[in-house]
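# Chain and residue survey
Spelled out from the first residue to the last, the chains are:
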Amino acid sequence: MTLVRPGRAHTPAAVAVALLVGGCHPSLPTDDKPDDPGIDDPPVDDTDPARDDTAPTPPCALPETEPNNAIAEANALPTDVQACGTFGATTDADFWTFTLAEDGWLAIDVDAFTLGSEADVTLTLSSTDLSDVAFGIGAWQDLPDVRVRFPSPPATYTAFVRQLVGTDATPGEGDDFFYDLIASSAKAPVSWDMGEAANDTRQTAQVIASADTPPEGVAVFGDFTIGDQDWYQVVVPPGRHTVTLDVDAHEFGSVADLALRLVDDAGTLLQVVDDGRLGWERDPYVALPSLGGETITVQVVEANARAGRPFWYTLRVKVEAQ
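Residues numbered from 1 in each chain as written. Predicted model: local features only at pLDDT ≥ 70, side-chain atom pairs only at ≥ 80, totals over all residues. Heavy atoms only, no water.

### Digging into the overall build of the protein
The following threshold applies: For the purposes of this entry, the term helix denotes a DSSP run of H or I that reaches at least four residues, the term strand denotes a run of E that reaches at least two, and both are numbered from the N terminus. Burial here depends on accessible area, computed with a 1.4 Å probe over protein chains only, as a share of the maximum for the residue type. Under 20% is buried, over 50% is exposed, and the range in between is partly exposed. A 1.4 Å probe and the Shrake-Rupley method give the accessible areas. Residues count as covered only by the protein chains that appear here.
Tallying secondary structure elements over the protein gives two helices and 18 strands in all. Every one of the 322 residues in the protein was classed for burial, and the buried ones make up 38%. Here the protein has roughly 18,200 Å² of accessible surface; of this, 54% comes from carbon and sulfur atoms.

As structure tokens, this is what we get:
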């Protein structure tokens, strides 16, 4: 090929010089190599660990290590670290141990169903440091996952994760039966205005609302000890009012299964409320019409008579004039 430059004639002499100097056809620079022969592509580092690492990506930050089927073999779980496990057999059970280092609220989440797992998980929690923490739970908001929140001092806990057993259970095994677990320090998931006072009998019921109650209502925080009874009174001013009793517990991580028992001045049971506003929620809610000038007495009960710091609640009361 002959290069043509505009405005310049090709004389025989010029062609001869070109043949003598260039020999054959001149070479053109290509795009894949630099014009400067002193510049080379950097060598490939074949020792790069990223190129040689063919190990599978871990399913979480802390996969379980077998054997962990007994308390003595429990896997150590740092707080705020995502752990995970797989049920290798229908009878497989995994033990984990962790320590809450500060005074506050303990949060424990066990996820399976919401992650696409076929496992129906349950959690049993205990502590050698706290005698009032020992419970098992297997559902949250009617989902087969676990959400637990409760106030706790610094303490060491043992978590026992397995699949639901019983007549309605269908435990399985293999890669489709997995779960995630995390334990962490958390803030209180609810707020309240006062704590529970001495209120073990109907005659000593704690007055929590009256004519001075603000429009947004007032909330009391309570829990249960062995043999404990929690009685409250709402003093309704004269005139038509609506009295709202609203419990927050299970929805926010309490292990308690609660009900409200309404009684008259003679102690006769008038009504039991054990579900929420829509009828399916676990936390009781009721709106009571009142002609005013009366006292409403209510007892908060744990349906299975269980007790301990994980069995807490808040009861919010509103007294609204109509």
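### Looking at the nonpolar core
The test is simple: Throughout this description, the term nonpolar core refers to a set of buried Ala, Val, Leu, Ile, Met, Phe, Trp, Tyr and Cys residues connected via side-chain atoms within 4.5 Å. The contact definition used throughout considers only heavy atoms, calling two residues in contact when any of these lie within 4.5 Å.
By size, the foremost hydrophobic cluster in this structure holds 61 residues, and its most contacted members are Leu125, Tyr157, Leu245 and Leu315. Those residues in contact with Leu125, other than ones at most four positions away along the chain, are Phe98, Leu106, Ile108, Val133, Ala134, Phe135, Phe150, Tyr157, Thr158 and Ala159.

### Focus on the sheet that holds strand β7 (residues 134-137)
In plain terms, the rule: Here, any two strands with at least 2 DSSP bridges between them count as paired.
Read from one edge of the open sheet, five strands run β2-β4-β9-β6-β7, paired in mixed fashion. The two strands at the open ends of the sheet, each matched to only one other strand, are β2 (75-76) and β7. Pairing analysis gives eight bridges linking strand β4 (residues 93-100) to strand β9 (residues 155-163), with the strands arranged antiparallel. Pairing of Trp96 across the sheet is with Ala159, part of β9.

### Observations regarding the pairing of β7
By the alternation rule, side chains of β7 split into Phe135 and Ile137, which are all buried, and Ala134 and Gly136, of which none is buried. Looking at chain direction, strand β6 (residues 121-126) and β7 are connected through four bridges and run antiparallel. By the bridge assignment, Leu125 is partnered in β7 with Phe135.

### As for the pairing of strand β13 (residues 218-224)
Remark: a regular strand shows side chains that alternate across the two faces of the sheet. Most of β13 sits inside the fold, with six of its seven residues counted as buried. Judged from the two bridges that link them, strand β11 (residues 194-195) and β13 form a sheet pairing that is parallel. Within β13, the position partnered with Gly195 by the bridge is Phe221. Direction of pairing for β13 relative to strand β18 (residues 308-321): antiparallel, over a ladder of seven bridges. For Phe221, the partnering residue across the bridge sits in β18 and is Thr314.

### Side note on the state of the cysteines
The following threshold applies: Whenever a pair of cysteine sulfur atoms sits within 2.5 Å, that pair is classed as a disulfide.
Under the defined criterion, the tally for this structure stands at one disulfide. Residue pairing for Cys60: its cysteine sulfur links by disulfide to Cys84, the two sulfurs lying 2.1 Å apart. Linking Cys60 and Cys84, the disulfide has an S-S dihedral of approximately -80° and is accordingly described as left-handed. Of this pair, Cys60 sits in the loop between α2 (49-52) and β1 (62-63) while Cys84 sits in strand β3 (residues 83-86), and the two are 24 residues apart along the sequence. In this structure Cys60 comes out as buried when scored by relative accessible area, which is 12%.

### Notes on the confidence of the model for the protein
The cut-off we apply is this: Values of pLDDT, ranging from 0 to 100, describe the predictor's confidence in every residue of the model.
Per-residue confidence for the protein gives a mean pLDDT of 88; residues scoring 70 or more make up 84%. Long-range and interchain partners of residues 1-30, a stretch whose pLDDT sits below 50, account for nine contacts in this model, where long-range means more than four residues apart.

### Section: the sheet that holds strand β10 (residues 178-186)
In spatial order, the strands read β1-β3-β10-β5-β8; together these five strands make up an open sheet with mixed pairing. Pairing within the sheet leaves two strands with one partner each, and these edge strands are β1 and β8 (146-152). In this sheet, β3 lies alongside β1 in parallel orientation, the contact comprising two bridges. Looking at the pairing, Leu62 lines up with Ala83 of β3.

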